[in-house]
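Below, each chain spelled out in residue letters.
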Amino acid sequence: MKHRFQLVLLLAFLVIIYTSSLSSWSKGAAEDLSTRNKPWSMDSHSPQQQASSESTLQLELEELLQKDDEKSIDNDGFTLPPEPVSPVKTDVISDTAAPCTTYDCVNDNPSPLTPTLPLPGAARKANAVIVILCRNSELDDMRRSLREFEDRFNRRYHYPYVFLNDDPFDDDFMASIRAMTESVVEFGQVPNEMWSVPEWVDEQRMHQCLLDYRIRGVLYGGSLSYRHMCRFNSGWFYRHPLIEKYDYYWRVEPGVHFFCDLLYDPFLYMQDNGKEYGFTITLKELPETIPTLWATTMEFAKANRINTTLLRFFSDEYDDYNLCHYWSNFEIASLNLWRDPKYQAYFDYLDQTGNFFYERWGDAIVHSLAAGMFLRKDQVHFFDDIGYQHDNFAHCTEDGNLGTCLCPLDIENFDDNQGSCLS
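Per an unreviewed UniProt entry, the recorded name for the chain is Glycosyl transferase, and the organism is Hesseltinella vesiculosa.

Structure below.
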């Protein structure tokens, strides 16, 4: 019993000693931690040193925040560097230079084939829209093209769509399209004033011209609706109320195909590099459809004293039109290019001739010649890394066995065809 009592006293004594030591250690550690957490000490620094330390701390904090802003997080939580921005080139062909080769004229700053992986849903996006002009009867082709477009690009970026039609879209069309994308989709009808024969056009003469084109077998030569479409895309689509709020657009059509994953934002590429117009295919027009367009354009250029060098891309050694143009069924461009008063004056000048109807002037030619007059060559971009097909014409990109492009084996790259202006 005596030994048990002594053992209890010993244990109590040890507990008292341990508790006292722990209290002293905790107090010292807290003071040490408090001292280390302070960026300065009121006892050891003057007011001037204290202010300097505060300023240094604020600058360090701002630098950290800035570095944080320059990073982005993908859906899997990995931190990725910001998308690199290629420098803008400003070399322009001088008026005395020899005619440039076609590729040099249009490929001043090609986009990279292996750009930095994008950030799905990233906060930084361009004020841009996907524009699609189609009819209810084209739903099947449109669904296939939209599926490819979403898979290859827009499921990562969710840019909005605007669908336009000269007739109202039916409920089945709208429901089917909305089921294929998480992006905002708007449907609009083209107003009658944007899709009609203007009052200054002689309709009797127009129908005689349509008949003549039909007899000669010119592609779409006898179609009035095709002429409405070309005139709308030339001078009206960018003025549609659903398009007015945007700065950039990507034109997509039913039945087209996309062969490559696009792992960067082409809208931001255009915006950051000062690009105004982008294309994938350039080819030659049927001369029967535009007998007076080049002469009319030259009249406008001379009357307005337009000084240009890029327009030489569209002329031959005799200063006649070489028929080359950017195929506008694929366009990534600035809407402000067409909203510019200079372009609007050009379109009005063309429109007053009535030759959108008497002849068969296409919007691709009009846009191309306008780019030639109003842009520098470094503002026009060849999207070499976007594999694309419209009808039997395709631009294919070979990026190797580790790449993302898969062009069909039975489709030739039109760039190598004699009808291409890049060959």
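From this point on, the discussion continues.
Engineer: Looking at this structure, I do not really get the overall build of the chain. What am I missing?
Structural biologist: A count of helical and extended segments in the chain gives 13 helices and 14 strands. A total of 423 residues make up the chain; the buried ones form 46% of that total. Taking the contacts inside the chain whose residues are at least 6 apart along the sequence as the reference set, 80% of them involve residues at least 24 apart. Split by element, the accessible area of the chain, about 22600 Å² in all, is 53% carbon and sulfur.

Engineer: What am I meant to see in the state of the cysteines here?
Structural biologist: Each disulfide consists of one covalent bond between the sulfur atoms belonging to two cysteines. Within the structure shown, the criterion is met by two disulfides. Across the disulfide, Cys-260 is cross-linked to Cys-405 (sulfur-sulfur distance 2.0 Å). Looking along the S-S bond of the Cys-260-Cys-405 disulfide, the torsion reads about 120°, which is the right-handed sense. Taken together, the residues Cys-260 in the loop between strand S7 (257-258) and helix H8 (266-272) and Cys-405 in the segment after strand S14 (393-395) connect sequence positions 145 residues apart. The same class applies to Cys-260 and to Cys-405, which are both buried. Each disulfide pairs two cysteine sulfurs, and for Cys-324 the partner residue is Cys-421, the sulfurs being separated by 2.0 Å. Every disulfide takes its handedness from the sign of the S-S torsion; for Cys-324 and Cys-421 that torsion is -105°, giving left-handed. Placement of Cys-324 in strand S10 (residues 324-326) and of Cys-421 in the segment after S14 is noted, with a sequence separation of 97 residues between them. The exposure classification of Cys-324 matches that of Cys-421, with both residues buried.

Engineer: Looking at this structure, I do not really get the pairing of strand S11 (residues 331-334). What am I missing?
Structural biologist: Within a regular beta strand, the side chains point alternately toward one face of the sheet and then the other, so they alternate between its two faces. Residue alternation in S11 divides its side chains into two sets, Glu-331 and Ala-333 and Ile-332 and Ser-334, and both sets are buried. Bridge analysis of strand S8 (residues 277-279) against S11 gives two bridges, and the strand direction is antiparallel. Along S11, the bridge assignment pairs Gly-278 with Ile-332.

Engineer: Looking at this structure, I do not really get the sheet that holds S14. What am I missing?
Structural biologist: The strands making up a sheet associate through hydrogen bonds between their backbones, and the pairing can be parallel or antiparallel. Ordered in space as S7-S13-S14, the three strands form an open sheet in which the pairing is antiparallel. The open sheet is flanked by S7 and S14, the only strands paired with a single partner. Here S7 runs beside strand S13 (residues 388-390); their pairing, made up of two bridges, is antiparallel. When the bridges of S13 are listed, His-257 appears paired with Gln-389.

Engineer: Explain the nonpolar core here, please?
Structural biologist: Across soluble globular proteins, nonpolar side chains have a tendency to be buried as a group. Counting 59 residues, the largest nonpolar core has Phe-314, Trp-338, Tyr-343, Tyr-346 and Leu-369 as the members making the most contacts within it. Within the second largest apolar cluster, 41 residues are counted, among which are Leu-139, Val-185, Phe-187 and Leu-283.

Criteria and thresholds
Every residue gets a number counted from 1 within its own chain, in the order that chain's sequence is written. Local features in this predicted model are restricted to residues whose pLDDT is 70 or higher, and side-chain atom pairs enter the listing and the counts only when it is 80 or higher, whereas totals over whole chains, interfaces and linings include all residues. Water and hydrogen atoms play no part in the side-chain values, which are based on all heavy atoms of the structure. Elements are defined by DSSP. Helices are runs of H or I of four residues or more, strands are runs of E of two residues or more, and each kind is numbered from the N terminus. Remark: exposure states derive from per-residue accessible area (1.4 Å probe, protein chains only) relative to the maximum for the residue type, with buried under 20%, exposed over 50%, and partly exposed in between. Contacts between residues were defined by any pair of non-hydrogen atoms, one from each residue, lying within 4.5 Å. Per-residue and other accessible areas follow the Shrake-Rupley method at a 1.4 Å probe size, with only the shown protein chains counted as cover for residues. Count a disulfide wherever a pair of cysteine sulfur atoms falls within 2.5 Å. Any two strands are treated as partners once DSSP identifies two or more bridges connecting them. Here, nonpolar core means buried Ala, Val, Leu, Ile, Met, Phe, Trp, Tyr and Cys residues that are tied together by side-chain atoms lying within 4.5 Å of each other.

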